[in-house]
Amino acid sequence: MKGIIRFSNNLMERFLPDPFLFVIILTLVVFGMGLGLTGSSPVEMVSFWGEGFWALLAFSMQMVLVLVTGFVLASSPIFKKGLGKLASFAKTPGSAIIWVTLVSLAASWINWGFGLVIGALFAKELAKRVEHVDYRLLIASAYSGFLIWHAGFSGSIPLSIATDGHPFMEQIGIIPTSETIFASYNLIIVGALVIILPLLNRFMMPKREETVVVDPKVLLEPPVEEQAAKVDMTPAERLENSWILSAVIGVMGIAFIAYYFIQNGFALTLDLVNFMFLFLGILFHGTPRKYLIAVQEAVKGAGGIIIQFPFYAGIMGMMTASGLAAVLSDAFVSISTAETFPLFAFLSAGLVNFFVPSGGGQWAVQGPIMLEAAEMLGSDTAKVAMAVAWGDAWTNMIQPFWALPALAIAGLKAKDIMGFCLIVLFVSGVVIGAGLLFL
């Protein structure tokens, strides 16, 4: 097994290109598949690509804010102290790997954006405190917790079909979360992964001589320069260094968060997570000047998200408009029975997720096909919907799209962690597939 892990790491380090090159190659692959499998002309494929290129602008901005606001919050003295106290429970490299996996799993099940940021930030804090821990595996373990997000409270597919007026309501009606998120088969799969993933990540620890460690000093954020006390501060300088402004606007933000929870219950959305990170960061940094310095440091890691997400939107445009996603889905439907369809729906969703790495976007593309096939085959509609959700989350393990925020926070490249994530992909695929097939 150690040999397989070593081979996986070497494979990814040698052949996995930078995420920007990966998305360009993926664009060309989808372009060629569209020509060969759908009968679309080159002009049509280029048109589909260009027309879809800016479809993820709002989402791209949300992801930039996930990175920036999460990073800024973590760099505040109060939050760093809290993460440090939590990290103090890990005394050995093995316990650090297990601990970060569990924290990431719990956070991702609550909300996917929360899990992406908290896992990476906690991993960095552990790397500062635990000696001889492999930094690559630590970040990979933090990212592996993201695997269960679509089976949790922020799962876009189960939440969508449980909402009155969803796009497929006339076809399937409203399916409550008791039949999806809180169904026994789903909870068993989640429980199995919560047990297996920490142990698997711990087992993947390399030998001491192969361990890649990071100097804790490299992970320290640069100290914020204190404004020298002087009596002749300009009015602008006084405002920049006033805690009063930060306190007033911060309390206003916290008041809205409290109001939101009173009105909606504990229903986290990506916008609310960003809102919480933003205003807690303002409060915890104390003054506007300190907060803005932290923001300037945080935005340095957002370049990958800004440049690459439009290319993924273009890929989604080609997949959807050309009918390529439907062709791939139909291929799996054609070999399915009522009993095996959830498994094949899971596998097809995992494949489509490479090209449409968005839960909501993928459901819009695959939903009509999967639901119609479920009715035709007599398969459990709710289970099929969750199978698509699991497939969407499953291949995120080797899809750089979602790893970009975590990699930016960690200061690593995709190839540094994808060898470990490839092992997680295979093991988790067996667990999830078996659960969908036999439970």
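Residues numbered from 1 in each chain as written. Predicted model: local features only at pLDDT ≥ 70, side-chain atom pairs only at ≥ 80, totals over all residues. Heavy atoms only, no water.

The protein appears in an unreviewed UniProt entry as Short-chain fatty acids transporter from Planococcus koreensis.

Q: Sorry, what's going on with the overall build of the protein here?
A: Secondary structure assignment for the protein yields 23 helices and zero strands. Here the C-alpha radius of gyration of the protein, 23 Å, is about what a compact globule of 439 residues would show, namely 22 Å. Referenced to the eigenvectors of the C-alpha coordinate spread, the extents of the protein come out at roughly 80 × 50 × 45 Å. A total of 439 residues make up the protein; the buried ones form 54% of that total. Put simply, 80% of the contacts in the protein that link residues at least 6 apart link residues at least 24 apart. Accessible surface, the protein as shown: approximately 18800 Å² in total, 69% of it carbon and sulfur. Taking the average place of the 23 positive charges on the side chains of the protein and the average place of its 28 negative ones, the gap between the two points comes to 17 Å. (Helix = DSSP H or I, 4+ residues; strand = E, 2+ residues; numbered from the N terminus. Rg over C-alpha atoms; globule rule 2.2 N^0.38 Å. Buried < 20%, exposed > 50% of the residue type's maximum accessible area, 1.4 Å probe, protein only. Contact = heavy atoms within 4.5 Å. Areas by Shrake-Rupley, 256 points an atom, 1.4 Å probe, with all protein chains shown as cover. Lys, Arg positive; Asp, Glu negative; His and termini not counted. Charge placed at Lys NZ, Arg CZ, Asp CG, Glu CD.)

Q: Explain the side chain of S60 to me, please; I cannot follow it from the model alone.
A: Take S60: it is sitting in helix α4 (residues 57–74). By relative accessible area, which is 8% here, S60 ends up buried. Contacts of S60, omitting those with residues within four sequence positions, involve I305 and F309.

Q: I tried to follow the nonpolar core on my own but got confused; where do I start?
A: Within soluble globular proteins, side chains that are nonpolar tend to cluster in buried spots. Ranked by internal contacts, the top residues of the largest apolar core, which has 146 residues, are L138, M319 and W390. Ranked by residues supplied to this core, first place goes to helix α23 (residues 414–438) with 12 residues. Not counting the four nearest positions on each side in its chain, M319 is found in contact with V30, L324, A325, L328, V352, F355 and V356. (Core = buried A, V, L, I, M, F, W, Y, C linked by side-chain atoms within 4.5 Å.)

Q: Can you walk me through helix α16 (residues 288–298) in this structure?
A: Two residues of an α-helix separated by three or four positions point the same way, owing to the 3.6 residues in each turn. For α16, the complete set of buried residues consists of Y291, A294 and A298. Take α16 and look down its axis: the buried residues cluster within an arc of 65°, on one side only. (Arc of directions from axis to C-beta.)

Q: Looking at this structure, how should I read the packing of aromatic side chains?
A: One pair of aromatic rings is described through two measures. These are the centre distance and the angle between the planes. Within the structure shown, the criterion is met by 27 aromatic pairs. Taken together, a centroid distance of 5.0 Å and an interplanar angle of 75° make the contact between W112 and W402 edge-to-face. Here W402 lies in helix α22 (residues 400–410) and W112 lies in helix α7 (residues 112–129), a separation of 290 residues in the sequence. Given the relative accessible area of 9%, W112 is considered buried. Pairing F153 with F182 gives two aromatic rings, centres 5.9 Å apart and planes at 55°, and the pair type is tilted. Separated by 29 residues along the polypeptide, F153 in the loop between α8 (135–144) and α9 (156–161) and F182 in the loop between α10 (169–172) and α11 (184–203) bring together distant segments of the chain. An aromatic cluster is defined as three or more aromatic residues linked by ring pairs; in this entry it consists of F59, W112, Y143, F146, W149, F309, Y312, F401 and W402. Here K2 stacks its cationic end above the ring of F203, 5.1 Å away from the centre of that ring. The ring of Y185 has K383 lying over it, and the distance from NZ or CZ to the ring centre is 5.4 Å. (Phe/Tyr/Trp six-rings, centres within 6.5 Å; stacked < 30°, edge-to-face > 60°. Lys NZ or Arg CZ within 6 Å of the ring centre and 35° of its normal.)

Q: Looking at this structure, I do not really get unusual backbone geometry. What am I missing?
A: Negative phi characterises most residues that are not glycine, and trans characterises most peptide bonds. The phi dihedral of H132 is positive, around 65°, even though this residue is not glycine. Within the secondary structure, H132 sits in the loop between α7 and α8.

Q: Would you explain the side chain of S40 in this entry?
A: Structurally, S40 is set in the loop between α2 (19–38) and α3 (42–52). A polar contact is formed between the side chain of S40 and the side chain of T38, at a distance of 2.9 Å. Those residues in contact with S40 that sit more than four places away from it in its chain are G34, L35, M45, F48 and S322. (Polar contact = N/O pair within 3.5 Å; in protein donor to acceptor, adjacent residues only side chain to side chain.)

Q: Explanation requested: helix α18 (residues 324–333) in the structure shown.
A: Of all the positions in α18, only L324, A325, L328, S329, F332 and V333 are classed as buried. Where α18 is buried, its residues meet α2, α17 (303–321), α19 (341–355) and α20 (359–377).

Q: Explain the environment of L347 to me, please; I cannot follow it from the model alone.
A: You can see L347 is positioned in helix α19. Distance in space between the C-alpha atoms of L347 and F48 is 25 Å, their sequence separation being 299 residues. In this structure L347 touches F332 and W394, once residues within four positions along its chain are discounted.

Q: Got a minute to help me understand a nonpolar patch on the surface in this structure?
A: A cluster of nonpolar side chains, namely M1, I4 and F203, defines an oily patch on the protein surface of about 290 Å² accessible area. The residue M1 is located in the segment before α1 (2–15) in this model. What makes M1 partly exposed here is its relative accessible area of 43%. (Patch = residues over 30% accessible without salt bridge, like charges linked within 9 Å, V, L, I, M, F, W, Y side chains within 5 Å. Salt bridge = Lys/Arg side-chain N within 4 Å of Asp/Glu carboxyl O.)

Q: When you look at the packing of α19 against α23 in this model, what are you seeing that I'm missing?
A: Two measures define how a pair of helices packs: the angle their axes make with one another and the distance between the axes. At a minimum axis separation of 7 Å, α19 and α23 run at an interaxial angle of 145°. Two packed elements cross with a definite hand, and for α19 against α23 that hand is right-handed. Contact residues: P342, L343 and F346 in α19; G429, I432, G433, L436 and L437 in α23. Partitioning the contact of α19 with α23 into residue classes produces six nonpolar, two polar and no charged. (Axes fitted to C-alpha atoms, helices over the stretch in contact; angles between N-to-C directions. Left-handed = near helix turned anticlockwise from the far one by under 90°. Nonpolar A, V, L, I, M, F, W, Y, C, P; charged D, E, K, R; others polar.)

Q: I would appreciate a short explanation of the confidence of the model for the protein in the present structure.
A: Caution applies to low-pLDDT regions: their predicted coordinates should not be interpreted in detail. Averaged over all residues, the pLDDT of the protein is 91; the fraction at 70 or higher stands at 97%. No element of the protein has a lower mean pLDDT than helix α12 (residues 216–219), at 76, and none a higher one than α11, at 98. (pLDDT = per-residue confidence, 0-100.)

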